[in-house]
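Each chain, written out:
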Amino acid sequence: MSDKPVSGLKRNHNSSIKDKFLWNRNRRGAQSLKSRPSTKDADKQISKFNASSPDLFSLNAMSNKYNVFSGGYVKVHVLSEMSNMNIFEKLLHHTRSLKQWEIHDISLEQDEIVSKMPTGIFSTPLPYSSILGVMSVDLTREPINCVKIVTSSCTYLLQAPNAYQRDRWFYTIEWKMNVHKYRMKLYNSVKPEALLYELKVLVSLTVDCPLYIDDTHQVLLDIVSCLLSQKSEAMSNVSHEELITALAPLVDQNQPSLEICNFFSKHCRQSPRSIIVIDMFTPIVQRILKHNVDFGKSTWLRTFVVEYIQALNCQNNGIESVRTFIRSVHGPLSQCPHPRILNNLVAVCLSAIYQCFSTEGASGEKFIALKHKRTKTPVATAVSPVNEHTKNNLNNRVQAIATDVKNTKNSLQENLNKQLQQKEQQNSDAKPLNNSKQNRADLNLKESYTAKLNKLDEGNKHEMADENYQVVVLFVEVLKEISKILDWCPGLASLLQPLPFPDESMTNLQFTRLMYPVIERFAEDDRESVVKCLLYSREDKDGWLQVYSPGGSACEDNGKLFSKMTEALLKPGMQTGKLKKFLATLAKTHLQVVVMLALRENEVMIKVLRDMLQMGILTDEQEQLRVVSALRCTPSGKEMYEELKSLLMVLTQKKGPKAFTLAPNSTDSDLRTLFGTGSWGSLEHLDLSFTHVTSASVDVLRYLPNLRHLNLWATQIDDKGLRAICDYLDLESLNLCETRVTNEGILCLEVMTKLEYLNLNSTELNSETFLHLKKKLPNLLEVDINYTDALAEL
């Protein structure tokens, strides 16, 4: 009897545990499987849950962006017809065995879903037109992430590995279905209103779709391009402004195609004052300028930008609208953050200018101006027979002047040269020629030939058509506005250095007049990177200096711009290490121009002649006498010549000390007084340490022919003086300790290839400049960089 109660207790205990287990399991199932009912009442609850879930789902979709899924491996299953079961029961029924699923490599094509393994379920492609609906299916209890595709015959289930991949499949298929649907509608529509409406709907669906713009918008742009090319008549009746407004979200982040650009360009030509030009086209053009890499591969983009700028010029503000656009593209910062904008803008301007001149040639209006290439090849003229042995060419045209002057038997210049040579042999010095009638007559002779050549050029001037001229004015104004921007000016000068304009434009007076302010701004710039671009890019090519030289077709200011460019090129540091070569080139090609301007009391040309004499560039004795006579024709030239003569007499005599140390606290005037007397031609070592000597004293030091060692410790020498030292002296040792030189000036030392000892102690030297100098100075044996940033960085 004692066993019965025990067994009864055990039985009651086991039943309570089982009931508790079943109750807990049912509770967990009810919490985790709300979407898996087994009764009709539960179906109502699920419908209520599904009705409230889209808000949460759409919120999640808006926060996520997906890439368009082009294809991949996926599990596929086809649901059979079970009318008495809902979708969730069907899933549980058919997914109990893996044999019900097939693995396919599916590709989402333009019009259909295709399997790369056409067997089984996907033995035939599934067209988008046969799909009735697409939905996303997810079971909380069972980890099944599926996309449900409903057709008229069956239902397809595509199982993804996770929820993210499932959403990618779902949104991609849904978007491709919409694109296919509306593409067919657009291609079959005839009425302009229907075309515009369907296009707006398609754009709206694409913009609201949670797929990335780069993957979807380009497809719509291709559809629009096809419509513009195939349905041009129907699209021409569509309101341009409404169509552009509809396409604005698509082209905002994508480059427009050829057909769309042609459509935009047409609108710019037909309605340049439309509000669409500023509101819609401005961001499109800005994006093209910022991100375009090569206009050669997409010329339609360049054409559209050209038309847009011309449309801006037709606004109420005119050219001021164009200037505002240029400044807005650059941005408010001192440095433009987009390096491609400058190159693209210049390419647009060059293209427009080339188009204008090619239109002039194609219309049958031949240019009578010289057709030769912009090289230094002599060109025969009708002024007089050309002597082949003539050396002093005035660019290409002035050679005729020089030849005619030399071949004139009774030339006053030859008589003057003979007289000067005889007097030079007797007195070793030319007498002043201020009152020489012969020299003035020679000057008048040169001016007469210059005037004669100008008359010949008048017949060669070609007037552009007014329409083309206005276009050239506009785009040269764009170049002018670019030159005003500080950080763009060096890049513009570099791009314009090789004269990238049509050959006809360089002989067209209208064009060279327009380009005058741009080149003048280059000449007024103090930066070496800008000024150097005034010279030729190659030895056999002309540069802006030759284009605007006196005697050429572009010179109308009597050599004012030529003098300004020459002065800029002769500034200290502009021709570091190449000054003598530049002066030699100037003497070879433009000596008569320099002499003519010097006789007109041009201070820059007088200094050029003085430097030619001082550096021994003129090897021909007659040329030297001609230069001396020109210098002594003007008061300032005579003063410079007399100073040069006295300095050369003192500083070139092979007598005096080989080493000299200037007393501490001496000044520039003390140094000039010292070198104004005695003989210093043998001086090799000069110590100016701990003096108050400044960069102004370099004008005296440059006349020392044998100077090899220079000590400037604790002087007032700065970058300007250091550049001048590099121009005129070739030293073996240099001490710049505790001077005012910076990294910019120190870089000029790279031309001193004989330098063996260099002291840069206590200067602003950094590691980058130091490493650059070590590569450029092969003979450098010892360098002192103590107390500099270079030592700390290395």
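That block above? That's the structure.
My aim in this report is to walk through the structure given alongside it, one point at a time. What you see is a predicted model; the values in this text were computed from it and never measured. (Residues numbered from 1 in each chain as written. Predicted model: local features only at pLDDT ≥ 70, side-chain atom pairs only at ≥ 80, totals over all residues. Heavy atoms only, no water.)

**Description of the overall build of the protein**
The helix and strand inventory of the protein stands at 33 helices and 13 strands. When contacts within the protein are restricted to residue pairs at least 6 apart in sequence, long-range pairs at least 24 apart make up 67% of them. Carbon and sulfur atoms make up 51% of the accessible area of the protein, which totals about 39,400 Å². (Helix = DSSP H or I, 4+ residues; strand = E, 2+ residues; numbered from the N terminus. Contact = heavy atoms within 4.5 Å. Areas by Shrake-Rupley, 256 points an atom, 1.4 Å probe, with all protein chains shown as cover.)

**With respect to the sheet that holds strand β12 (residues 757-759)**
The strand order across the open sheet formed by six strands is β8-β9-β10-β11-β12-β13, and the pairing between neighbours is parallel. Two strands in the sheet have a free side with no partner beyond their single neighbour: β8 (659-661) and β13 (782-784). Pairwise comparison of adjacent strand axes, ignoring direction, gives a mean angle of 5° for this sheet. (Pairing = 2+ DSSP bridges. Axes fitted to C-alpha atoms, helices over the stretch in contact; angles between N-to-C directions.)

**What about the environment of Trp 544?**
If you trace the backbone, Trp 544 turns up in helix α22 (residues 544-547). A residue is classified by how much of its surface remains accessible, and Trp 544, at 1% relative accessible area, is buried. When the C-alpha positions of Trp 544 and Ile 519 are compared, they lie 7.5 Å apart, and in sequence the two are 25 residues distant. With residues near it in sequence (within four places) discarded, Trp 544 still touches Leu 496, Gln 497, Leu 499, Phe 501, Met 506, Met 515, Ile 519, Cys 533, Leu 534 and Met 565. Of note is the side chain of Trp 544, whose polar atom sits 2.9 Å from the backbone oxygen of Leu 496. (Buried < 20%, exposed > 50% of the residue type's maximum accessible area, 1.4 Å probe, protein only. Polar contact = N/O pair within 3.5 Å; in protein donor to acceptor, adjacent residues only side chain to side chain.)

**Quick notes on the environment of Leu 780**
As for its position among the elements, Leu 780 is in the loop between α32 (767-776) and β13. Residues Leu 780 and Ser 733, 47 residues apart in the sequence, show an inter-C-alpha distance of 9.3 Å. Setting aside its immediate chain neighbours within four residues, Leu 780 contacts Leu 755, Glu 756, Tyr 757 and Leu 758.

**Notes on the side chain of Asp 687**
Tracing the backbone shows Asp 687 in strand β9 (residues 685-687). Arg 740 provides the closest opposite charge to the buried, unpaired Asp 687, separated from it by 17 Å. Those residues within four positions of Asp 687 in sequence are excluded, and the remaining contacts are Phe 660, Thr 661, Leu 662 and Asn 711. (Lys, Arg positive; Asp, Glu negative; His and termini not counted. Salt bridge = Lys/Arg side-chain N within 4 Å of Asp/Glu carboxyl O.)

**Examining unusual backbone geometry**
Apart from glycine, the bulk of residues carry a negative phi angle, and the bulk of peptide bonds sit in the trans form. In the Ramachandran plot, Asn 665 falls in the positive-phi region, its phi being about 65° despite a non-glycine side chain. Inspection of the secondary structure assignment puts Asn 665 in the loop between β8 and α28 (668-675). Judged by relative accessible area, which is 52%, Asn 665 ranks as exposed. For Ser 762, which is not a glycine, the phi torsion comes out positive at approximately 60°. Inspection of the secondary structure assignment puts Ser 762 in the loop between β12 and α32.

**Observations regarding the nonpolar core**
Met 515 and Trp 544 are the most contacted members of the largest nonpolar core, which has 158 residues in total. Take this core: its biggest share by element is 12 residues, from helix α24 (residues 579-599). Among all residues touching Met 515, those that are not within four sequence positions of it are Val 476, Leu 479, Leu 496, Phe 501, Trp 544 and Tyr 548. Counting residues in hydrophobic clusters, the runner-up holds 39 residues, among them Cys 748, Leu 749, Leu 780 and Ala 790. (Core = buried A, V, L, I, M, F, W, Y, C linked by side-chain atoms within 4.5 Å.)

**As for the packing of helix α18 (residues 489-496) against helix α20 (residues 509-524)**
Two numbers describe how α18 lies on α20: the axes approach to 11 Å, and their chain directions differ by 120°. Comparing their axes, α20 and α18 come out oblique. The two elements α18 and α20 meet at a crossing, and its hand is left-handed. Packed against α18, whose contacting residues are Cys 489, Leu 492, Ala 493 and Leu 496, the element α20 presents Met 515, Val 518 and Phe 522 at the interface. Classifying every residue of the contact of α18 with α20 by side-chain character gives seven nonpolar, no polar and no charged. (Parallel < 35°, antiparallel > 145°, perpendicular 65-115°, else oblique. Left-handed = near helix turned anticlockwise from the far one by under 90°. Nonpolar A, V, L, I, M, F, W, Y, C, P; charged D, E, K, R; others polar.)

**So, the state of the cysteines**
Applying the stated criterion across every chain yields a total of zero disulfides. Cys 314 supplies the cysteine sulfur nearest to Cys 268, a cysteine that is in no disulfide, at a spacing of 9.8 Å. The thiol sulfur of Cys 533 is not disulfide-bonded, and the nearest other cysteine sulfur, from Cys 489, lies at 9.0 Å. (Disulfide = S-S within 2.5 Å.)

**A look at the pairing of strand β3 (residues 112-115)**
Burial along β3 is one-sided: the residues Ile 113 and Ser 115 are buried and none of Glu 112 and Val 114 is. Between strand β2 (residues 102-108) and β3, which pair antiparallel in sequence order, lie three residues. Across two bridges, the pairing between β3 and strand β4 (residues 126-127) is antiparallel. The residue of β4 that forms the bridge with Ile 113 is Leu 126.

**Concerning the pattern of salt bridges**
By the definition in use, this model includes 20 salt bridges. Here Lys 484 makes a salt bridge to Glu 481, at a shortest N to O gap of 3.9 Å. Taken together, the residues span about one helical turn, with Lys 484 and Glu 481 both in helix α17 (residues 466-484) at a distance of three residues. Notably, a salt bridge pairs Glu 528 with Lys 532, separated by 2.6 Å at the nearest N-O pair.

**A few points about helix α30 (residues 719-728)**
The buried count for α30 comes to eight of 10 residues, which makes it a mostly enclosed element. Taken together, the buried positions of α30 are occupied by Asp 719, Gly 721, Leu 722, Arg 723, Ala 724, Ile 725, Cys 726 and Asp 727. Each element contacted by the buried residues of α30 is listed here: α24, α29 (698-701), β10 (709-711), β11 (733-735) and α31 (743-746).

**Thoughts on a nonpolar patch on the surface**
On the surface, Tyr 73, Ile 103 and Met 117 cluster together into a nonpolar patch covering about 350 Å² of accessible area. Turning to its location among the elements, Met 117 is positioned in the loop between β3 and β4. According to the relative accessible area criterion, Met 117 is partly exposed, its value standing at 33%. (Patch = residues over 30% accessible without salt bridge, like charges linked within 9 Å, V, L, I, M, F, W, Y side chains within 5 Å.)

**Description of the packing of aromatic side chains**
Enumeration according to the criterion identifies 18 aromatic pairs in this entry. Taking 5.9 Å as the distance between ring centres and 80° as the angle between the ring planes, the aromatic pair formed by Tyr 516 and Tyr 548 counts as edge-to-face. Placement of Tyr 516 in helix α20 and of Tyr 548 in the loop between α22 and α23 (560-569) is noted, with a sequence separation of 32 residues between them. By the ring-pair criterion, three or more aromatic residues cluster together here, those being Phe 357, Phe 501, Phe 511, Tyr 516, Trp 544 and Tyr 548. Positioned over the ring face of Tyr 728 is Arg 702, at 4.5 Å from the centre of the ring. (Phe/Tyr/Trp six-rings, centres within 6.5 Å; stacked < 30°, edge-to-face > 60°. Lys NZ or Arg CZ within 6 Å of the ring centre and 35° of its normal.)

**Notes on helix α26 (residues 621-631)**
The periodicity of an α-helix, 3.6 residues per turn, causes residues three or four places apart in sequence to face the same way. Counting buried positions over the 11 residues of α26 gives eight, a clear majority of the element. Residues of α26 that are buried: Glu 623, Leu 625, Arg 626, Val 627, Val 628, Ser 629, Ala 630 and Leu 631.

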